[in-house]
Amino acid sequence: MASANDPFQFQEFEEAGNLLEANRDATTISIEDEDVKPEKQRRAAGLNPAAGGGDDEDAGDYDDKTELLSGQQKSPPFWTFEYYQQFFDIETHHVKERIIGSVLPWPGKNFIQVYLRRNPDLYGPFWICTTLVFAIAISGNISNFLVHLGKPNYKYTPEFQKVTIAATAIFSYAWLVPFALWGVLLWRNNKTMNLVSYSFMEIICVYGYSLSIYIPAVVLWIFPFEWLRWCSIVVALCLSGSVLVMTFWPAVRDDHPKVIVAIMSAVVLFNILLAVGCKTYFFSKPEPALPANNSSVAVVIKTTMATSNGKGEKVSKFETLKLLEKCRKERDDAMHRESVLREKLRQYETRMRSTEGLKQKLKTLTMDNKELRKQVKALRTEIGLECSPKFNGKTTKDIIYDLHEKERECTSMVEKAGKLSLTIDDLTSELANTVTSKTLLEDQVQSLQQNLKDMTNNQRRLLKLWEDKKAQREQFALPAITQKPGQRPFVHKGIQTEMSVSTSQKLPVNAFETKPFSRDKDSKNALDKHSFPTYGNGYHHDKKTFMHDDAKVICWRAAASIAWAVLLLPPVTAVFVILSRFSLLHPIHTISECFSLLTSAGAIFSLILLCGVILMVGFLNLEYYTVIPTIACSKIALLGQLLHPRQFVNSSAHCIMGIIVAWCCAVTIGGRYETIGYPCTHSDGSTHMCLNEYHLILLLAGAFVGFSHSLLGVIHNMNFVSFHTVQQYKYLRFKGSLPLVVKCSATQALYSVRNYVVVYFFLGYIPKAWICKTLNLHLNSSIHPLDSIAGLLDLSLLYHLWISATFLLFTWYITLLLFRIFVTEVYNFPVQSSFTEEAHQCLPKVLTDKEPMILKFLALQDLALLSQHSPSRRCEVFSLSQPGGHPHNWNAISRECLSLLADLTQRLVAYHDTVATNGRAKSLSTGSERKTSSETSVTSGTEDLMSPRPTLMMKTPASVFARSIVGGPQSPLTAPFTPDLDSPFASPSLRRLTAPVEQCSPWHGTVQSPHVMRRVPKLWSTSTDSQANGSPPPSPASVASPQQQTSKPSLLAQFLQNRKEQVKHFLAKRVLIMYLFNKLPEASSQALFADSQAHIWALEGISYLIQASFSEDQFGVVQTALPSILSCMLVLQEAVDRHFKLPHASSKPLRSASSMGDPTYKTLRFALRATLKTAIYRITTTFGDHLNAVQMSAEHRKRLQQFVEYKD
Amino acid sequence: MCSLALFPAPLPDGQTTLCESNNELLSGSDAEERPKQVRSTQPQELSPLSLFFPRESLKLHSRTESSSRAAFLDHSETLWMRSAAAWWDTHTHTHTHTHTHTHNCLSNIGLFEDYIIRAATVSRRLLDYSTFSALFTFCVARSDCVVRAFAWHPHTDKFAVALLDDSIKIYNPKSATTPTLKHRLQRSVAAVQWKPLCASALAVACQNCVLVWHVDPCSLSTRPSSGCAQVLSHPGHSPVTSIAWSPSGSLLASASPMDTAVMVWDVAAESCVPLQRVGGGGVTFLSWSPDGSHVLAPTPSALFRVWETRMWTCERWPCVKGRCQSGCWSPDGSRLLFTVQGETVIYALTFTDAPAGISTGTSKGPQAAAVVADLSETSFNTAHGDVIVGGEIQSLAWDPRGERLAVLLKGDPQAADRPAIIAVFKTRTNPVFELLPCGFVQGEADAEPRLMQFHPSFQHGALLTVCWSSGRITHVPFYFLSAGVPHFGLSGSPLLPRPQERCSALANQSLFTEMIS
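Remember, predicted model here, so these are calculated numbers, not experimental data.

Thresholds, definitions, all that
- Counting restarts for each chain: residues are numbered from 1 in the order of the written sequence.
- For naming, the first written chain is A and the first written ligand is 1, with later ones following in the order written.
- Local features in a predicted model are, by the rule used here, given only for residues with pLDDT of at least 70; side-chain atom pairs are given and counted only at 80 or more, and totals for whole chains, interfaces and linings are based on all residues.
- The basis for every side-chain value is the complete set of non-hydrogen atoms in the structure, without hydrogens or water.
- Under the DSSP-based scheme used, a helix requires at least four consecutive residues in state H or I and a strand at least two consecutive residues in state E, with every element numbered from the N terminus.
- Type-normalised accessible area, obtained with a 1.4 Å probe on protein chains alone, sets the label of each residue: buried when under 20%, exposed when over 50%, and partly exposed for intermediate values.
- In this analysis, two residues are considered to be in contact whenever any of their non-hydrogen atoms come within 4.5 Å of each other.
- Note that accessible areas follow from Shrake-Rupley with a 1.4 Å probe, and for residues the cover is restricted to the protein chains shown.
- Pairing between strands is defined by DSSP: at least two bridges between them are needed.
- A fitted line through C-alpha atoms serves as each axis, taken over the contacting stretch for helices, and the angle formed by two N-to-C directions is quoted from 0 to 180°.
- pLDDT expresses, on a scale from 0 to 100, how confident the predictor is about each individual residue.
- Ring pairs shown here join Phe, Tyr and Trp side chains whose ring centres sit within 6.5 Å, with only the six-membered ring taken for Trp; geometry is labelled stacked below 30 degrees between planes, edge-to-face above 60, and tilted in between.
- To sit over a ring, a charge needs its Lys NZ or Arg CZ within 6 Å of the ring centre and within 35 degrees of the ring normal.
- Just so you know how the angles are binned, under 35 degrees is roughly parallel, over 145 roughly antiparallel, 65 to 115 roughly perpendicular, and the rest oblique.
- In this scheme the crossing of two helices becomes right-handed for a clockwise turn of the near helix relative to the far one and left-handed for an anticlockwise turn of less than a right angle.
- By disulfide we mean two sulfur atoms from cysteines, separated by a distance within 2.5 Å.
- Accessible area that two parts lose when put together, evaluated with a 1.4 Å probe and summed over both, is termed the buried area.
- Here, a salt bridge means any side-chain nitrogen of Lys or Arg that lies within 4 Å of a carboxyl oxygen of Asp or Glu.
- Each polar contact in these results corresponds to two N or O atoms within 3.5 Å; when the atoms are within protein, one needs to be able to donate a hydrogen and the other to accept it, and residues that are neighboring in sequence are counted only if both atoms are side-chain atoms.
- Nonpolar residues are Ala, Val, Leu, Ile, Met, Phe, Trp, Tyr, Cys and Pro. Charged residues are Asp, Glu, Lys and Arg, and all others, Gly as well, are polar.
- Directions from the helix axis toward the C-beta atoms define the arc.

### Let's talk about the overall build of chain A
Working step 1: The helix and strand tally for chain A stands at 46 helices and two strands.
Working step 2: Within chain A, the fraction of its 1208 residues that count as buried is 43%.
Working step 3: Across chain A, the fraction of contacts at a sequence separation of at least 24, relative to all contacts at a separation of at least 6, is 79%.

Here it is as structure tokens:
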């Protein structure tokens, strides 16, 4: 970098040096001093603080370090007061220092690096801006006063609107420009790997402090001398501009030159705009007096008019005389002016002549200059700067070359050092790996020893058995010893059963065949347990930080979407203004009016308000979004969702935002909507402030639309973020869905306004009266009230209501749409990382994590895409780990996918079982049980639905256990918007449906309900997959408990059961209750498949990987898992087929015409079915006859054969 | 470059092409009399069904007068649409008169063509001539054939045939039942295609919608209920004339010459994403490359687009002379052959696949198309007099192994000595891409080929199925041993990415262009 620049710089300095001094040594020294030092300083200030020396550099260095350290500290989130508190925590001398720093910029002293890095404050900027606002307003007033001081007809009136306008201008400059700049820097920072980056607060702080120079300047503007004002403007501009430019220079230095120029000129331009704008707006020049001509001409016209009317000759004569006099006077005046102008012309001519003389002089000077230059050249050759054959010695050029040489050497040394450190890193990582492998090996050895021990135990047991048998045989052989005849066979049986149990448990038939496989699994499990500690002592700590990192991705995406929404706001507002004020009769007048309105201060203020609303909406989107929709299975559950406190907060926030937007609309529409009160005269003549009902109706409409928007959001699952099957670029997706958004917002606004008008007609008097009372306004009785049919049938009012509602919904929908588009963008996770610190961000690790759900979805989507499109990344999946030779990546991915699928299968089976057991009692009002007995409410929904089973089932410890897990905090399905499972409104069926989801650990199903356990063998004819999932045998306690309970049926339970049946019977007759508690058709089916997008991706990813493994898997990594994957898919296929045979499961949902809610969740089950079939077909077509070699149960083989023959 | 002059002379009348064996096309006067040597040398495989649909067997919409139109119009159309149709009738009558071809055409075709011509006449008035001509040629090409569309199942030996009376029959050699699909909305079927990696799903391009039938292969019913069909419709997207499944079976694309957008359907969700670009006006047909990476979408004007399916961006390819008439992809998806209306040559484009994994966004495609074959008119001197073969190309088909390329030449219906004919090329990719002559495929006298398709999974080479204007469907097997990389004998393996082949294609690219120049 430096070597490219230097020759030019050197030449410049050379010339200067030659002109000034003849001494060669002196010039070289001066080159050294002047050129190298700034370079160093710059570097020290910007890039690497470690390289520089000197006080400033040290300070910068220190600051950087502290900043780095403080970055680790946890800061409160930005929506809390604590977050902002820290920006006001500053001492006076610091503020002083900073102000001085901003007023006296010094080359090389970066404002942020030197003054701010420790902690940016908002205190200084805020007060500087405020002071500036008042300084401008006050000095503007004073100067105005001074200008008009001598005028006799001038009456001083303070102009208070200057304060508001100044405040709007200054604060918007100090906030919006930094915001934009921050965005731009962030964007560029991602593009070019820039080392310097500033936080938003720092940029705001710099901007705030850079304004401080304007305060004295503004005070100077009081004096009505134009030259003084311009001088002070230029000085202030230079100072503040140089502060800004020097501050932001390091952040953009490495960028494209065009971008640098653009950013820097934008920064400077805004600064100039502010200064010049303030000056021209607040400090006007004294206007020259009106020329007299106009008045006299007017008089002439008047008089002629008068004469033509023929009023009186005398008068007219007198008047004409007077007029003549005046005319004469004017003529004289004109003559006088003409002479003056002539004088001026003469002066100009003389000046022209003098300039020509000057030009001549300039020419001669340039000639001289040329000659001098020639001389200089000669001198240079003498000195040796330009190679002359006579001189031999060390010329300056040589020295420079030497310097360059040295520099190159230095860089090469640095590179070498870097390489060395890299190799050291490699070695250390290898060392770590070897240590890991060592521990692994030890573990393996341990497990082997354990196996050996087990086997020896078995052997011993067998020996014992053999001996026992031997003893028995001997006993049989001894007929002489008699025992009681009834006892002997019994004992014998007991022994036999015990033996059979022990053999089947301890020694399976194929124990020796599957040994290597199971051992492998053991080692794998051991690895899983032990690998986490070996990642470093702070794995959990790391995990937290990386969670933060990954969650940050989502936050960044949300922030980007909000920023775009804010950027789109001005054009949308402009369109709204034009539409709302448009009148067919005066099109041009409308447009010009709109332009003037858009540029007014009020419009800017409301735009800032709207920006705030958009930010809030974006924040709510981020807070409430979900990737798994919440599906209410009955009306009462939906009601429960609507009345949930969380939803209440959401609705009220939307209400308030609706009011704000409506207020902005009212201000922009203007006219009769503008203010809430207006002066009116009472019948008795006194004036009062009266209520403007038009304003009120618009505000309330905003609130209503906001409220209905949030309610409809719940009903249509608008917070559900769905992933598209077709990948498109963000811009194209946005463009494609824009018409839909317009249509949706227009129709939705129409419906909302219709409902609102009806509501206002009936209930409008309540808010009206309330507002009147609180604001002490009166109702104007002379004007017709609006909550009547005649009042509401005002077409223009309805149009304005509709267009405001459309505007409101459109801006919100746009924000929502952008949020969806940004959040669901494909994210590339690395498959494996060479650094252990980044291991958590890798695909296998993210896949297995539960929180946040969207990351898991993104990871699964990435898996599906990479398996489909990217051979190089597939290669990474199939690769073996370097020291151990284990396919960790593939194992982790396939295990996670299989557990997802197995989990879905389990859910389906459980659902099917519950439906099968009480298909007739399906519509029983489960919610009402709650009222009858507090005791039954303890049991979980699974048992509730199994009511035909005896009551004793409800009291098994297993069910209580299941319940405790259901309410557990770590459930992924109770994602933001789900109502709490414990809330009284959530139907038990919903809880039951969510329950199996949470137990992603496969063992849970075995414990959850013995009933399900009993059903299992029907579907899992082979136990291989449940074994493959590493499930321990079912705990004996859960199996044994039902038997214990059978012995004591309690009277109380019997009684409660009877009462419950009675109440149920009673309630079932009431229509309303039936309506509320009846299950919605197919909703349960939808809820069952609510998160099936994950399963679809898992299926796609796994099937594509298997397909690719046919040609790409070099190590046979996939082969070992193929049987379990196939059986898992086939079992799932069977379960899905069975599910689709249920009523309502295969019925198609109605296609809603236009709604922003994404209806894809309604058809996920069909997509899953299709994907599952395709996945199985993909495997069968790829492997063909090779599948015969895969070990499988006969039943599965039969099913698979159907797929091979394309008969399914 | 290959030209027709290198071909062997076409057969005399009465002779039909039977098969290719030992590098030569065998012919016979009777289809039943199969040459002995073929039977002895080739493995006895299950010969697919040859079918014959005489025109008389179908109950067609017999309607020639425009006045009786109302009786046949579907009354589900709204009043507005009916009145608009009436307006069309009265106002476009003169326009249709000017096109005598159109009227000839009209005399014996069904509602669909009528609809298309009606739409086309209006479009000619409202839009431009190109759309009209595209629709018109489409109509003429299909007008006299009873079989309107034909599709092999991608993995098995069954196929679907769409007939002129808007019914679809499914033939399966392994089962005795032939299900017939009829649906209220299934009017004017223009294309059918089976879903890959699925046994049952069949997509049908209809007038106003795309139907996706789920025909259970094990079911014994001959008339599946209309409940088995999914209806995919989008306002403004009609008439649908072409559909294409993605080779992975996940997406379905549909196009209409009257709609500028290509619809990409998520069939399970019944939702679609319109892919819209300015210019062109409509999409005449769609062709998804076998590796799933590109989709060819020509427009009625002199412009075609190649969509990349990763992020759905497109490349524009302006043609010089006319619109893109037809195109087909090589099995590995790296090469696109296409023909342009008004020219008698075949162009090739080579797509080097973008380094997948690195999302560069824009794949660096080829810079220019190269001419690979010249099919200008050539006269052959046969015993029965001179026969002129060549001219414009109607469609192309490439067999799934990439060894045979069938080219359907239009011919001239007026001139007796210029019949429509299928020319078959052998294709070679190593060491350079070139087309070698193989021979002509001919049918019975007075029967012209209308549709052709290669069997997607024929074991012993390639099997070309041809639908003739007489209503006959015949199969012409080409027996050969695959010279390229063995396909593992697996159906459906074209999906498999084969990097080694791609590499060779890449290496040959420079050579290829050299040869062209």
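### Comments concerning the overall build of chain B
Working step 1: The secondary structure content of chain B amounts to seven helices and 33 strands.
Working step 2: The buried share of chain B, reckoned over its 517 residues, is 57%.
Working step 3: Of the contacts made within chain B by residues no fewer than 6 positions apart, 53% connect residues no fewer than 24 positions apart.
Working step 4: Within the structure as shown, chain B displays about 21,100 Å² of accessible surface, and the carbon and sulfur contribution to it stands at 55%.

### Concerning the sheet that holds strand 10 (residues 201-205) of chain B
Residue and element names in this part refer to chain B.
Working step 1: Pairing is antiparallel across the open sheet formed by four strands, whose spatial order is 9-10-11-12. Where the open sheet ends on each side, the last strands, each with one partner, are strand 9 (191-194) and strand 12 (229-232). Neighbour-to-neighbour, the strand axes of the sheet open up by a mean angle of 20°, direction not taken into account.
Working step 2: The pairing of strand 10 with strand 11 (residues 210-214) spans five bridges and is antiparallel. By the bridge assignment, Val204 is partnered in strand 11 with Leu211.

### What about the confidence of the model for chain A?
Residue and element names in this part refer to chain A.
Working step 1: Predicted confidence across chain A gives a mean pLDDT of 74, with 72% of residues reaching 70 or more.
Working step 2: Confidence drops under pLDDT 50 across residues 287-304; counting only partners more than four residues distant or on other chains, this segment forms five contacts.
Working step 3: Segment residues 480-546: pLDDT under 50, and 39 contacts once partners within four positions in sequence are set aside and those in other chains are kept.

### Digging into the environment of Glu1100 of chain A
Working step 1: Residue placement: Glu1100 of chain A occurs in helix 43 (residues 1092-1112).
Working step 2: Remark: the alpha-carbon pair of Glu1100 of chain A and Ala864 of chain A, spanning 236 residues in sequence, is separated by 5.6 Å.

### Some thoughts on the side chain of Ser580 of chain A
All names here are of chain A.
Working step 1: By the element assignment, Ser580 lies in helix 18 (residues 539-581).
Working step 2: The exposure class assigned to Ser580 is buried, which follows from its relative accessible area of 5%.
Working step 3: In this structure, Ser580 is in contact with Ile669, His800 and Ile803, ignoring residues within four places of it in sequence.

### A look at the packing of aromatic side chains
Working step 1: This model, assessed by the stated rule, comprises 44 aromatic pairs over all chains.
Working step 2: With a centroid separation of 5.9 Å and 85° between ring planes, the pair formed by Phe150 of chain B and Trp152 of chain B is classed as edge-to-face.
Working step 3: Take Phe150 of chain B: its relative accessible area is 11%, and that puts it in the buried class.
Working step 4: Take Trp152 of chain B: its relative accessible area is 3%, and that puts it in the buried class.
Working step 5: For the pair Phe338 of chain B and Tyr347 of chain B, a centre-to-centre distance of 5.3 Å together with 20° between the ring planes defines the contact as stacked. Across this residue pair, the class does not change: Phe338 of chain B and Tyr347 of chain B are buried.
Working step 6: By the ring-pair criterion, three or more aromatic residues cluster together here, those being Phe53, Phe150, Trp152, Phe159 and Tyr171 of chain B.
Working step 7: When the ring centre of Tyr624 of chain A is taken as origin, the NZ or CZ atom of Arg646 of chain A, which lies over that ring, is 4.6 Å away.
Working step 8: Sitting above the plane of the Phe433 of chain B ring, Arg335 of chain B keeps its charged end 4.3 Å from the centroid.

### A short note on the packing of helix 11 (residues 226-252) of chain A against helix 12 (residues 257-282) of chain A
Residue and element names in this part refer to chain A.
Working step 1: Following both chains from N to C, one finds helix 11 and helix 12 inclined at 155°, their axes separated by 10 Å at the closest point. As far as their axial angle goes, helix 12 and helix 11 are roughly antiparallel. When you trace helix 11 past helix 12, the crossing you get is right-handed. Residues Glu226, Arg229, Trp230, Ile233, Leu237, Ser240, Gly241, Leu244, Val245, Phe248, Trp249 and Val252 of helix 11 lie in contact with helix 12, whose contacting residues are Ile260, Ile263, Met264, Val267, Val268, Asn271, Ile272, Ala275 and Lys279.

### Brief notes about the sheet that holds strand 13 (residues 242-245) of chain B
Residues and elements named next belong to chain B.
Working step 1: If you trace the four strands from one edge of the open sheet to the other, you get 13-14-15-16, paired in antiparallel fashion. Single-partner strands in this sheet number two, and they are strand 13 and strand 16 (271-275). Recorded for the sheet is a direction-independent mean angle of 25° between the axes of neighbouring strands.
Working step 2: Here three bridges tie strand 14 (residues 252-255) to strand 15 (residues 262-266), and the two strands are oriented antiparallel to one another. When the sheet's bridge partners are listed, Ser254 is paired in strand 15 with Met263.

### Quick word on the state of the cysteines
Residue and element names in this part refer to chain A.
Working step 1: The final tally for this structure, using the stated rule, is one disulfide over all chains.
Working step 2: Bridging Cys680 to Cys690, the disulfide has an S-S length of 1.8 Å. Of the two residues, Cys680 is situated in strand 1 (residues 677-681) and Cys690 in strand 2 (residues 687-691); the sequence distance between them amounts to ten residues. Comparing Cys680 with Cys690 shows no difference in burial state: the two are buried.

### Description of the interface of chain B and chain A
Working step 1: Across the contact, 36 residues belong to chain B and 36 residues belong to chain A.
Working step 2: At the boundary of chain B with chain A, total buried surface from both sides reaches about 3,200 Å², with 60% on carbon and sulfur atoms.
Working step 3: Across the contact surface, chain B and chain A share zero salt bridges.
Working step 4: At the surface where chain B touches chain A, the tally comes to three residue pairs in polar contact (both at pLDDT 80 or more).
Working step 5: Secondary-structure elements contributing two or more residues to the side of chain B that touches chain A are strand 12, strand 15 and strand 16 of chain B.
Working step 6: Class assignment for the residues of the side of chain B that touches chain A results in 20 nonpolar, eleven polar and five charged.

### Considering the pattern of salt bridges
Working step 1: If you walk through the whole model with that rule in mind, you get 25 salt bridges over all chains.
Working step 2: Notably, a salt bridge pairs Lys768 of chain A with Glu693 of chain A, separated by 3.0 Å at the nearest N-O pair. Of the two residues, Lys768 of chain A is situated in helix 25 (residues 765-775) and Glu693 of chain A in helix 23 (residues 693-715); the sequence distance between them amounts to 75 residues.
Working step 3: Accessibility expressed as a relative area gives 7% for Lys768 of chain A, which makes it buried.
Working step 4: The partner of Glu444 of chain B in a salt bridge is Arg472 of chain B, with the nearest N and O atoms 3.2 Å apart.

### A word on the pairing of strand 19 (residues 303-308) of chain B
Residues and elements named next belong to chain B.
Working step 1: The buried fraction of strand 19 is high, at six of six residues.
Working step 2: Side chains Leu303, Arg305 and Trp307 of strand 19 all project onto a buried face; the interleaved residues Phe304, Val306 and Glu308 project onto the opposite face, where all are buried too.
Working step 3: The pairing of strand 18 (residues 294-298) with strand 19 spans five bridges and is classified as antiparallel. The residue bridging Ala297 from the neighbouring strand is Arg305, located in strand 19.
Working step 4: Linking two consecutive strands that pair antiparallel, namely strand 18 and strand 19, is a turn of four residues.
Working step 5: In this structure, strand 19 lies alongside strand 20 (residues 313-318), joined through six bridges in antiparallel fashion.

### Re unusual backbone geometry
All names here are of chain B.
Working step 1: A cis geometry characterises the amide bond from Ser238 onward to Pro239, with omega recorded as -10°.
Working step 2: Structurally, Pro239 can be placed in the loop between strand 12 and strand 13.
Working step 3: One non-glycine residue with positive phi stands out, namely Glu270, at about 55°.
Working step 4: Locating Glu270 in the fold gives a position in the loop between strand 15 and strand 16.

### Notes on the confidence of the model for chain B
All names here are of chain B.
Working step 1: Here chain B averages 75 in pLDDT, while 70% of its residues score no lower than 70.
Working step 2: Segment residues 61-76 is flagged for pLDDT under 50; beyond a separation of four residues in sequence, or across chains, it makes 22 contacts in the model.
Working step 3: Across the predicted assembly, pTM comes out at 0.61 and ipTM at 0.83.

### Topic: helix 21 (residues 635-642) of chain A
Residue and element names in this part refer to chain A.
Working step 1: For helix 21, every residue scored as buried is listed here: Ile636, Ala637, Gly640 and Gln641. Buried positions in helix 21, seen along its axis, are confined to an arc of 145° and lie on one side of it.
Working step 2: At its buried positions, helix 21 is contacted by helix 22 (645-669), helix 23 and helix 41 (1071-1077).

### Observations regarding the packing of helix 23 of chain A against helix 27 (residues 795-823) of chain A
All names here are of chain A.
Working step 1: Contact geometry for helix 23 and helix 27: axes closest at 10 Å, N-to-C directions at 40°. As judged from the angle between their axes, helix 23 and helix 27 are oblique. In the crossing of helix 23 with helix 27, the sense of the turn from one axis to the other is right-handed. For the pair helix 23 and helix 27, contact is made by Tyr694, Ile697, Leu698, Ala701, Gly702, Val705, Gly706 and His709 and by Leu797, His800, Leu801, Ser804, Ala805, Leu808, Leu809, Trp812 and Tyr813, respectively.
Working step 2: In terms of residue class, the contact of helix 23 with helix 27 is built from twelve nonpolar, five polar and no charged.

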